[in-house]
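Read off the chains here:
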Amino acid sequence: MKYLWLWWNKEDVRTEQQQLADEGRDTGTVDAEFARLLAGEMPEDALFQQAMDALLDKTRLLPMRPDYAYIEPSDLESIRAQRPDGPRELAVDYPEAVRRDRIAGAWMGRCAGCLLGKPVEGALRPRLQILLDHFGYEEIPDYIWRFPGLTEEDCANFGWQSPWWYRNTDCFPGDDDTNFTVMGMALIKDKGINFTPTDMADFWLADVPLLRLCTAERVAYRNFAALVEPPESALVRNPYREWIGARIRADFFGYLALGRPELAAELAWRDASISHVKNGIYGAMWVAAMLAAAIGETDTRRVIEIGLTEIPAKSRLFEAVTEILNQHAAGVTYPEAVQYIHKHWDETRAHHWCHGISNAQIVAMGLLYGEGDYEKSITRSVLPCFDTDCNGATVGSIMGMMLGAKTLPEKWTGVMNDIIHTDLSGYQTTLISTLADEMFQIHNNFWKTRQS
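Bear in mind the structure is a predicted one, so any value in this text is a computation, not a measurement.

What exactly am I supposed to notice about the overall build of the chain here?
Helix and strand counts for the chain come out as 23 helices and two strands. The C-alpha atoms of the chain give 21 Å as radius of gyration, which agrees with the globular expectation for 452 residues (22 Å, within 12%). Referenced to the eigenvectors of the C-alpha coordinate spread, the extents of the chain come out at roughly 60 × 60 × 50 Å. For the chain, the computed accessible surface area is about 17300 Å², with 52% contributed by carbon and sulfur atoms. Averaging the locations of the 44 positively and 65 negatively charged side chains of the chain gives two centres separated by 2 Å.

For this particular structure, what's the right way to read the packing of helix 10 (residues 197-207) against helix 11 (residues 215-225)?
Helix-helix packing: each pair is described by the crossing angle between the helix axes and the interaxial distance. Contact geometry of helix 10 with helix 11 gives a least axis separation of 10 Å together with a crossing angle of 90°. Compared by their axis directions, helix 10 and helix 11 come out roughly perpendicular. Contacts between helix 10 and helix 11 involve Ala201, Trp204 and Leu205 from the former and Glu217, Ala220, Tyr221, Phe224 and Ala225 from the latter. Its residues assigned to classes, the contact of helix 10 with helix 11 shows seven nonpolar, no polar and one charged.

I keep staring at the nonpolar core and nothing clicks. Help me out?
Ranked by internal contacts, the top residues of the largest apolar core, which has 151 residues, are Trp107, Trp204, Trp286 and Ile304. Sequence-distant contacts of isoleucine 304, defined by excluding residues within four places in its chain, comprise Trp286, Met290, Val321, Leu325, Ala364, Leu367 and Leu368.

Looking at this structure, I do not really get the packing of aromatic side chains. What am I missing?
Given two aromatic rings, their pairing is described by the distance between the two centres and the angle made by the two planes. One pass over the full model with this rule turns up 13 aromatic pairs. For the pair tyrosine 68 and tyrosine 70, a centre-to-centre distance of 5.4 Å together with 65° between the ring planes defines the contact as edge-to-face. The exposure class assigned to tyrosine 70 is partly exposed, which follows from its relative accessible area of 26%. Ring plane angle 20° and centroid distance 5.8 Å describe the contact between phenylalanine 195 and phenylalanine 253, whose orientation is recorded as stacked. With phenylalanine 195 in the loop between helix 9 (176-191) and helix 10 and phenylalanine 253 in helix 12 (residues 251-256), the pair connects residues that are 58 residues apart, well separated along the chain. On the accessibility criterion, phenylalanine 195 (1% relative accessible area) is buried. In this structure an aromatic cluster arises from ring pairing among Trp8, Tyr240 and Trp243.

Would you mind going over empty space enclosed by the protein with me for this structure?
Regions of empty space are outlined by a rolling probe, equal in size to a water molecule, passed over the atoms. Scanning the model with the defined rule gives two cavities of 30 Å³ or more in all. Within this model, the largest cavity holds a volume of roughly 50 Å³. Considering the residues around the largest cavity, the lining is formed by Asp176, Asn179, Phe180, Met183, Val208, Pro209, Arg212, Leu213, Asp423 and Leu424. Taken together, the residues of the lining of the largest cavity sort by class into six nonpolar, one polar and three charged.

What should I look at first to understand the side chain of arginine 125 in this one?
Structurally, arginine 125 can be placed in helix 6 (residues 125-135). Here arginine 125 occupies a buried position and makes no salt bridge, while the nearest side chain of opposite charge, glutamate 347, is found at 7.1 Å. Apart from residues no more than four positions distant in its own chain, arginine 125 is found in contact with Val338, His342, Glu347, Leu383, Pro384 and Cys385.

Looking at this structure, I do not really get unusual backbone geometry. What am I missing?
For residues besides glycine, phi is generally negative; the peptide bonds are generally trans as well. Following proline 230, the chain continues into proline 231 via a peptide bond in cis, with omega recorded as 0°. Residue placement: proline 231 occurs in the loop between helix 11 and helix 12. Positive phi, close to 40°, is recorded for threonine 215, a residue that is not glycine. When you line up the elements, threonine 215 lands in helix 11. In the Ramachandran plot, leucine 227 falls in the positive-phi region, its phi being about 70° despite a non-glycine side chain. As for its position among the elements, leucine 227 is in the loop between helix 11 and helix 12.

Looking at this model, I keep getting lost on helix 16 (residues 316-329). Mind explaining?
For helix 16, spanning 14 residues, the distance from its first C-alpha to its last is 20 Å, which sits close to the expected 20 Å at 1.5 Å a residue. Taken together, the buried positions of helix 16 are Arg316, Leu317, Phe318, Ala320, Val321, Ile324, Leu325 and Gln327. Tucked inside the fold, the buried residues of helix 16 contact helix 1 (10-22), helix 14 (278-294), helix 15 (300-308), helix 17 (334-344) and helix 19 (356-369). Just beyond helix 16, the residue with positive phi is glycine 331, at close to 90°.

About the thresholds
Residues numbered from 1 in each chain as written. Predicted model: local features only at pLDDT ≥ 70, side-chain atom pairs only at ≥ 80, totals over all residues. Heavy atoms only, no water. Helix = DSSP H or I, 4+ residues; strand = E, 2+ residues; numbered from the N terminus. Rg over C-alpha atoms; globule rule 2.2 N^0.38 Å. Areas by Shrake-Rupley, 256 points an atom, 1.4 Å probe, with all protein chains shown as cover. Lys, Arg positive; Asp, Glu negative; His and termini not counted. Charge placed at Lys NZ, Arg CZ, Asp CG, Glu CD. Axes fitted to C-alpha atoms, helices over the stretch in contact; angles between N-to-C directions. Parallel < 35°, antiparallel > 145°, perpendicular 65-115°, else oblique. Contact = heavy atoms within 4.5 Å. Nonpolar A, V, L, I, M, F, W, Y, C, P; charged D, E, K, R; others polar. Core = buried A, V, L, I, M, F, W, Y, C linked by side-chain atoms within 4.5 Å. Buried < 20%, exposed > 50% of the residue type's maximum accessible area, 1.4 Å probe, protein only. Phe/Tyr/Trp six-rings, centres within 6.5 Å; stacked < 30°, edge-to-face > 60°. 1 Å grid on protein atoms, 1.4 Å probe; cavity = no way out; pocket = protein on both sides within 12 Å on 5 of 7 lines; lining within 4 Å. Points joined across faces, edges and corners; volume = space filled by probe spheres on them. Salt bridge = Lys/Arg side-chain N within 4 Å of Asp/Glu carboxyl O. Expected span 1.5 Å × (residues − 1).

Pasting the structure below:
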């Protein structure tokens, strides 16, 4: 029962401590308890688990600091009250064949971008640079396991996962980033566009194995099982409440609501609010809105800006992504932008490595510095490291939506042979193209209803 992902450790204590500081909580009454749990002689035993649970029950009730500069609600009505003006619905009137190609491109692009990042998830940027230097590359030119002459020893020396499994695969091997996209599709297929957060929680309990979930999703699942309903399920004993998880679940909602960023963001909110709060929710809404807008835009900057109009203007995520937009407009180079990320975020800390904001900045970088090119966009979203498979997947999805399946390079899509594995019942092994067609049909049914 002492399973790693079900057992609190001291890094989780540090995560909660930093999260409280991030969101502007006054921790004066609990600082001594944090110090006790982080003390060097404190074993991570059953008593530690109980003490951490008790501390988390206290921290969720802590007051806000009066000097906190941000306004970051978690309920939809208040989020909408704090967002800037934006195009809530776009004039997108593409024929069926174009919409089909764009959704297929987004889904295939997501899979390929995720596959690029998977083997290097957890690798640190300095080690990646040493590897690239070893092979004489300035940037990532291909899937890592296809680097000519790459050996097991190279991977061990540079802290990488083994390339051999990837070299021998003939499919997309499955990942939570793609599981969640299929999950969103399956829920809409079952419950329709009017699904509730509770519907999503019920779906998880019925169809998703607990140990296939990570961080905030794992916490929320445990809360569901204890009959804690959304939105409380996102708050109870959840140090990861602003991490990246909800963002990686958002894509299908953008596919469904093409041309309607406000609706896409709302659907993403319904899903995200079961496990995340504040910026953890905003990241999902931002991505869904970007995807809804991407079919009608050729400028990635405009796509990013439309996504931002669906989240609070005085939030940390809005501020952080805007900083990347400003740097790019000011002529900051891509290597300088990568240095900026690593100056402000410590990739050796789980809270920074997996946070929704640090990785949102990397997504914005990948889109802006990708210069409209699919390959350059996904490789430049993986090169900074942090959550590589998630960022490659999100950028690949948005670029695939903008460019369409027919334009995606065979170099990146062909390796999967149109086969994907997932952890969802009924979809364990299927074709990527079959799922793309199903995603399109669900979108098209909604599209026809909207047009009538």
